[in-house]
Structures are given as structure tokens and as C-alpha cells.
Amino acid sequence: MKNIKSRWLLTAGIVSLAIITYTYGKSMTLIYGGFELIIAAVCYAAVFSNIKRLDNITSRLILIVTCMSLINGAFSGDLKSVLLMSIPMVMILSVSVIPMSIDDDGRDFMWAYFIGTAVAGACKLFDLFDSFNPNTMGFFYFMVLTLGFTWFRATRYKLFAFITLIPGAVLCLFSGSRNVAVMIIVAFILVLIPKLLYRTKSFYRIIYGLVLLYTVFAPFIIVNALNNASFYRIIEAYTSTFSNKAWSLITRAEFFHIIEAKIAALSPYHLMFGTGILQGHSHNLFYQSLLVYGAVGAIFVYLLLIRVFEMAGRLIRERGDNVALGLAIALASILLLNGADLFIFATESYPVLPQMIIGIIIYRYKKAFCEDTDEIKLADVKESPTEAEV
């Protein structure tokens, strides 16, 4: 199979994300369901036709979670729900085995970011998402912005790249999503940390470890933070600058208590292995993983994320891979949003771009370190000659 330019793969992801977001938001069930099933067919075909190229550890983690979910969901009787929710996991595997070419200077992500920002800007200009929950708009804009993060970290033209991030950041801030308005600050801090620190194993692990821990303990952190009157006034004043939501921030804290009661009411079996179907949105990755995949499945989901971050970390340290660094920062930024919201896994409508980010990390790792004389050349990923430091 001829190598696919990653910029076109990412562009297809942006278009797919726009279609899924719009049709799902408009409750066009047949359209978004049918479109997602087409994507599912392509993903499954890519996996089965390239099964020898799968990474052993990530593929096993994904297949265990997917099979558990499919079995439990089938017994629950909602086949549509369980099938749609299996696609985000399988998409990761499909992207990781598709032969692709990736420019080490980040140009593929530059073009994808430009195209994505143009699409996002058009959606804002023509109010395509005007009647939607502001979070829907914010997630869309933020995921496009993370493509720009990868370009910024990989290119030597740092100033130009940073300037072009401004339109994407403005779209995010004025999407109306309070979570995005807060997490974009943290994301830019991650983007601007010098590469020298990321190449230190302990520092890198502390960063991604804190991100993953935040997604687990976000409900506890948010509830206690919002109960602090001084902090509440500050965060309320800041987010109100960009959001005109009429309801109070404290309602999210109250919502978490409802989800905790829902988890506590699960049977021992479902608490251990999950329900396999969508029974609502918990607005938190860990809580949603418990509901859908159970405690066992949630552990495997987090082991998968740890594995992917470790892959990126080795690429950064041993290959000086700036693209992998940008992708790791992009993934960490997206996961931060999934502490107080949910869109990456265990939903019927999926965002596509995070799956591509994870899949590309796995692909670059396999190309760099895994010997397979038929499919993969050892150390194909080289240190970029344009390795500029921030």
C-alpha cells in the first residue's frame, strides 16, 4: 500500500469531526450513525488487513476493553450503542497500522491546523453550532488547536508558528466553554516548557502522571475548589469573560455527586466489568470508564494511555522526535479537558482527532524501534535537523 500523507489523514479527521459534531448535535441519528458505521467498517478493515503490524501491548489492551464492552453491551440489548462506542478504540489501532509519511518538521500538522482553523472559523462565522452546547464548540476548536501545538513543537519557525496559534486560541476562548477557557492556560504552559525538560524521564513522567491523576480525581478537586469562596469568585469572573452560561459553576459539582451515586448503585458484576452501553455522560473520563467498562476496563484504559505516553517519551529521549513531543503535549491537553467533560472514549459520538493522535504516536514508535523486515524498518524515524528549543 502506498504511504498516505499524514496531512490528508488529519484533514479527513477534521472533516469527519465536523460532520459527526454537527449531525450529532442536530440529533440526526441516522446520518451520524450511518457515517460512524462507515468509519467503523474502514477501521476494522484496516486492522484486519494489517494485523501483523499491530503493537502487541496496545492492541491487547484495546481488544480486551472492546471485547468486554461488546459482550456486556450485547447482553444489555443495545447493540447500536455498544457498536458505536467500540469505534474510538478500534480507530486507534487502524491509524497505528496505516502506512503513512510524516514530515519531521511538522508541516503536515501545520497544514492540518490551517485547514482545521478555517473550518472552525467558518462554523463560527455562519453559526453552524450556534444552537449547540458551548462545550461542543469548545472541544471542536480545542482539538484543532492541538494540531497547531504539534506543529509549533516540530518547526524551527517558532515565532511564526506561535503567532498563528492565536486565531485558534481565540476561537477556543470565545466558544463559551468554561472548561476550555481554563484548560487552554494549562495547555499553553505545557507547550512552552523547554524540550530539555521533556527529555528528562522523571520530569516527563511527572507531567503525564499528573494529567492522568487529574482525570481520576477531577471530581474531588473540582468540588473542593468550587467550595472555596475566594477561588470560586476568581474562576467565575475569569470564565464569565468568555462564557454567557446562565447556570452556576457549582452545578457541575452537584452533578458529580449524582454520578457517584449511580456508580455506587451498580451491581458487583457491572462495577467490575461495566455495562457496555451508554447510560448517560458522566463528564469525567474515569467515571465514564467505570460505568461503561467497569473497574477492570478502566484500569486497561489507563494502562493504554500510560503505554502511549511511554512510547512518545522514548521517541523524545532517544530519537529527539519533536513530532512525538508535540503529539504527547496535544494528548495531555485533550485529556485535561476530559477531567470535567467527556468526549474521548466511551461515548457514541467520538472526536476522531484524539484517536489519530494516539495512533500516530504508536505508528512512529513502531517505525523507530520495532523490527519487522516485511513491514517496518528499524529506526526509520530520525532526529529532526530542525530541532529548535523554546
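**Student:** Would you take a moment to explain unusual backbone geometry for this structure?
**Tutor:** Unusually for a residue other than glycine, histidine 283 sits at a positive phi of about 60°. Tracing the backbone shows histidine 283 in the loop between α13 (268–273) and α14 (285–319). You can call histidine 283 partly exposed: its relative accessible area is 21%. A positive phi angle, near 70°, is found at valine 352, a position not held by glycine. Tracing the backbone shows valine 352 in the loop between α15 (322–337) and α16 (353–369).

**Student:** I tried to follow the nonpolar core on my own but got confused; where do I start?
**Tutor:** Counting 133 residues, the largest nonpolar core has Phe109, Tyr141, Phe309, Leu335 and Phe345 as the members making the most contacts within it. The dominant element in this core, judged by the number of residues it contributes, is α14, at 17 residues. Setting aside chain neighbours within four positions, we find phenylalanine 109 in contact with Leu10, Ile102, Leu147, Thr150, Trp151, Val323, Leu327 and Ile360.

**Student:** Just checking my understanding: could you explain the confidence of the model for the protein chain for this structure?
**Tutor:** Close inspection of predicted coordinates is inappropriate for parts of the model with low pLDDT. For the protein chain, per-residue confidence averages 86 on the pLDDT scale, and 92% of positions sit at 70 or higher. Taken together, the stretch residues 372–390 has pLDDT below 50 and engages in 52 contacts with residues farther than four places along the chain or on a different chain.

**Student:** Looking at this model, I keep getting lost on the side chain of threonine 150. Mind explaining?
**Tutor:** Here threonine 150 shows up in helix α6 (residues 134–154). Look past the residues within four positions of threonine 150 in its chain and what remains in contact with it is Phe109, Val323, Gly326, Leu327 and Ala330.

**Student:** What should I look at first to understand the pattern of salt bridges in this one?
**Tutor:** A side chain with one charge may pair with a side chain of the opposite charge, provided their charged atoms come close. Summed over the entire model, instances satisfying the criterion amount to 11 salt bridges. Between lysine 5 and aspartate 108 there is a salt bridge, and its shortest N-O distance comes to 3.8 Å. Of the two residues, lysine 5 is situated in strand β1 (residues 4–5) and aspartate 108 in helix α5 (residues 107–125); the sequence distance between them amounts to 103 residues. Judged by relative accessible area, lysine 5 falls into the partly exposed class, the value being 27%. Judged by relative accessible area, aspartate 108 falls into the buried class, the value being 0%. Taking the shortest distance from any N to any O, the salt bridge between glutamate 318 and arginine 314 comes out at 3.3 Å.

**Student:** Would you take a moment to explain the packing of α15 against α16 for this structure?
**Tutor:** A packed helix pair is summarised by two numbers, namely the angle formed by the two axes and the spacing between the axes. Closest axis-to-axis distance for the α15/α16 pair is 10 Å, and the angle between their directions is 145°. For α15 against α16, the interelement crossing comes out left-handed. Each of Val323, Ala324, Leu327, Ala328, Ala330, Leu331 and Ile334 in α15 lies in contact with α16, whose residues at this interface are Pro354, Ile357, Ile358, Ile360, Ile361 and Arg364. Among the residues forming the contact of α15 with α16, the class breakdown is 12 nonpolar, no polar and one charged.

**Student:** Mind showing me how you'd approach helix α8 (residues 178–192) here?
**Tutor:** Along its 15 residues, α8 runs 22 Å from first to last C-alpha, staying within 8% of the 21 Å computed at 1.5 Å per residue. Residue isoleucine 184 marks the point of greatest curvature in α8, where the axis turns by about 30°. Residues Arg178, Asn179, Val180, Ala181, Met183, Ile184, Ala187, Phe188, Leu190 and Val191 constitute the buried set of α8. Buried residues belonging to α8 abut α6, α7 (158–173), α9 (195–198), α10 (201–226), α11 (229–240) and α15. Taking the backbone nitrogen of valine 180 as reference, a side-chain oxygen 3.3 Å away marks serine 177 as the first, capping residue of α8.

So, how was this worked out
- Positions within a chain are numbered from 1, following the residues in the order the chain's sequence is written.
- Side-chain atom pairs in this predicted model are given and counted only at pLDDT of 80 or more, local residue features only at pLDDT of at least 70, and totals for whole chains, interfaces and linings cover all residues.
- Where side-chain values are given, they derive from all heavy atoms of the structure, hydrogens and water being excluded.
- Strands are runs of DSSP state E lasting at least two residues, helices are runs of H or I lasting at least four, and both sets are numbered from the N terminus onward.
- We call a residue buried when its accessible area falls under 20% of the maximum for its residue type, exposed when it is over 50%, and partly exposed in between, using a 1.4 Å probe and counting protein chains only.
- Take the buried residues of types Ala, Val, Leu, Ile, Met, Phe, Trp, Tyr and Cys, join any two whose side-chain atoms come within 4.5 Å, and each joined set is a nonpolar core.
- Any two residues having at least one pair of non-hydrogen atoms within 4.5 Å are treated as being in contact.
- As a per-residue measure, pLDDT reflects the predictor's confidence and takes values from 0 up to 100.
- For this document, the term salt bridge refers to a Lys or Arg side-chain nitrogen within 4 Å of an Asp or Glu carboxyl oxygen.
- Axes here mean lines fitted to C-alpha atoms, for a helix over just the part in contact, with angles spanning 0 to 180 degrees between N-to-C directions.
- Crossing chirality is assigned from the near helix's rotation relative to the far helix, an anticlockwise turn below a right angle marking it left-handed and a clockwise turn marking it right-handed.
- Each residue is assigned to one of three groups, with Ala, Val, Leu, Ile, Met, Phe, Trp, Tyr, Cys and Pro labelled nonpolar, Asp, Glu, Lys and Arg labelled charged, and all others, Gly among them, labelled polar.
- For a helix, the expected span equals 1.5 Å multiplied by the residue count minus one.
- In this scheme, the bend at a residue equals the angle between the axes fitted to the seven residues that finish there and the seven that begin there.
- Throughout this description, a polar contact denotes any pair of N or O atoms lying within 3.5 Å of each other; where both atoms belong to protein, one of them has to be capable of donating a hydrogen while the other can accept it, and for residues adjacent in sequence the pair is counted only when both atoms sit in side chains.

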